[in-house]
Amino acid sequence: MSLQCGIVGLPNVGKSTLFNCLSNAKAQSANFPFCTIEPNVGVITVPDERLNRLAELVHPQRIVPTTVEIVDIAGLVKGASKGEGLGNKFLANIRETDAIIHVLRCFDDPNVVHVDGSVDPIRDKEIIDAELQLKDLETIESRIQRVQKQAQTGGDKQAKLAYEVLQRYHDALSQGKSARTVSFETKDEQKIAHELFLLTAKPVMYVCNVDEASAVTGNAYVERVREAVKDENAEVLVVAAKIESEIAELETYEERQMFLSEIGLEESGVSRLIKAAYALLRLKTFLTAGPQEVRAWTFRAGWKAPQCAGVIHTDFEKGFIRAEVIKYDDYIALGSEAAVKEAGKMSVEGKEYEVQDGDIMHFRFNV
């Protein structure tokens, strides 16, 4: 399952520095706008302590974590919706992603120029919001022109429903609200809405890039961001990208943990961001454990056993018979699959079983 989060923001807010911390891919990080021209793609390992604990019990040949793709997208400027700067390229790249990581500059540094001359994360956020909303409004108005006559004069129920969905989006976007603030109750409405692929319908997480002194507690800029997005149902993360780049250069886990402890952090900002990005995409993990490998597999929240079986191989889903399920906590407490079975803690589930995060699965199938 290939899913992408796009890192966006105005030029020089720390996007590429953050991307370099996240990925082995090294985006050019320079003190001028548009240093990232083409989107850089990094495949990021999702931290999951459960894999290591299972491996201690199973002793597999290898451990395979799950991953998420992070895309570093060119900095956007005011007027992007009309093609200013690298606007068209930015908008095309972001349309292909599944969720948005919006980086906001929340630090003062006279040596790092700001494209608008001063530090103001709320203004920066509103610039990007407005450009994405304008592009979505353009999309909506174009679609309305296509279906309006058919919806109002004909007997096409689908056209009428589409027109109602489009009109609700039009009302919100015209008021400067993002598409994600509009919700639909019926599956037909949700299907029409999803197929519009609106930029502002994507889930978003705001990352406040702060200085070292604010890495633990945040600062006044961060509080302003939290207040500004409180009605958006969006997560706000505080990350000091400059510190994260120093942590990334350390060779061992022990050195990194010592560094974090010295500055008062239990976990790196990068690790928190990757986990939050995974959750932002509404992703969960089921596990498989055996002598060959202990592995994490990605699935969407709400998926049932056959769909999850298909993540491993399409034949597993086609010929699904049943799933043998062990809860992670039971496996750890009892120490082995055999002990779990003996204690009667392994359940046998059918096609309607909704897989839970951390389930250890074994699928039975016949093709």
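Use the structure listed above.
Described in the following lines is the structure provided in the data block.

Here is what the cut-offs are and how they apply
Residues numbered from 1 in each chain as written. Predicted model: local features only at pLDDT ≥ 70, side-chain atom pairs only at ≥ 80, totals over all residues. Heavy atoms only, no water. Buried < 20%, exposed > 50% of the residue type's maximum accessible area, 1.4 Å probe, protein only. Helix = DSSP H or I, 4+ residues; strand = E, 2+ residues; numbered from the N terminus. Arc of directions from axis to C-beta. Contact = heavy atoms within 4.5 Å. Polar contact = N/O pair within 3.5 Å; in protein donor to acceptor, adjacent residues only side chain to side chain. Patch = residues over 30% accessible without salt bridge, like charges linked within 9 Å, V, L, I, M, F, W, Y side chains within 5 Å. Areas by Shrake-Rupley, 256 points an atom, 1.4 Å probe, with all protein chains shown as cover. Salt bridge = Lys/Arg side-chain N within 4 Å of Asp/Glu carboxyl O. Lys, Arg positive; Asp, Glu negative; His and termini not counted. Charge placed at Lys NZ, Arg CZ, Asp CG, Glu CD. Phe/Tyr/Trp six-rings, centres within 6.5 Å; stacked < 30°, edge-to-face > 60°. Lys NZ or Arg CZ within 6 Å of the ring centre and 35° of its normal.

## Considering helix H6 (residues 187–194)
Taken as a whole, H6 has its buried residues at Glu-189, Ile-192 and Ala-193. Angularly, the buried residues of H6 cover 100° about the axis, an arc narrow enough to put them on a single face. Facing away from the buried side of H6 by over 90 degrees, the exposed positions are Lys-187, Lys-191 and His-194. Tucked inside the fold, the buried residues of H6 contact helix H5 (157–174).

## Focus on the side chain of Thr-298
By the element assignment, Thr-298 lies in strand S9 (residues 293–300). Within the structure, the side chain of Thr-298 is placed 2.3 Å from the side chain of Thr-66, a separation counted as a polar contact. A distance of 3.2 Å separates polar atoms of two side chains, one belonging to Thr-298 and the other to Tyr-278.

## Some words on a negative patch on the surface
A contiguous patch of negative charge on the surface is contributed by Asp-108, Asp-211, Glu-212, Glu-246 and Glu-249. Position of Glu-212 relative to the elements: it lies in the loop between strand S6 (204–209) and helix H7 (220–228). In this structure Glu-212 comes out as exposed when scored by relative accessible area, which is 52%.

## With respect to the packing of aromatic side chains
Applying the stated criterion across every chain yields a total of six aromatic pairs. Residues Phe-286 and Trp-297 carry aromatic rings whose centres are separated by 6.3 Å and whose planes lie at 10° to one another, so their mutual orientation is stacked. Here Phe-286 is found in strand S8 (residues 283–289), whereas its partner Trp-297 is found in strand S9, with 11 residues between them in sequence. For the pair shown, Phe-286 and Trp-297 are each scored as buried. On the basis of relative accessible area, Phe-286 is assigned to the buried category, the value being 0%. Pairwise contacts between aromatic rings join Phe-286, Trp-297, Phe-299, Phe-320 and Phe-363 into one cluster. For Arg-105, the ring lying beneath its charged end belongs to Phe-107, and the centroid distance is 4.4 Å. Geometry around Trp-297 places Arg-295 over its ring, the cationic atom sitting 4.1 Å from the centre.

## Considering the environment of Val-8
Take Val-8: it is sitting in strand S1 (residues 4–8). In the structure, Val-8 is positioned 95 residues away from Val-103 in sequence and 6.1 Å away in space, judged by C-alpha atoms.

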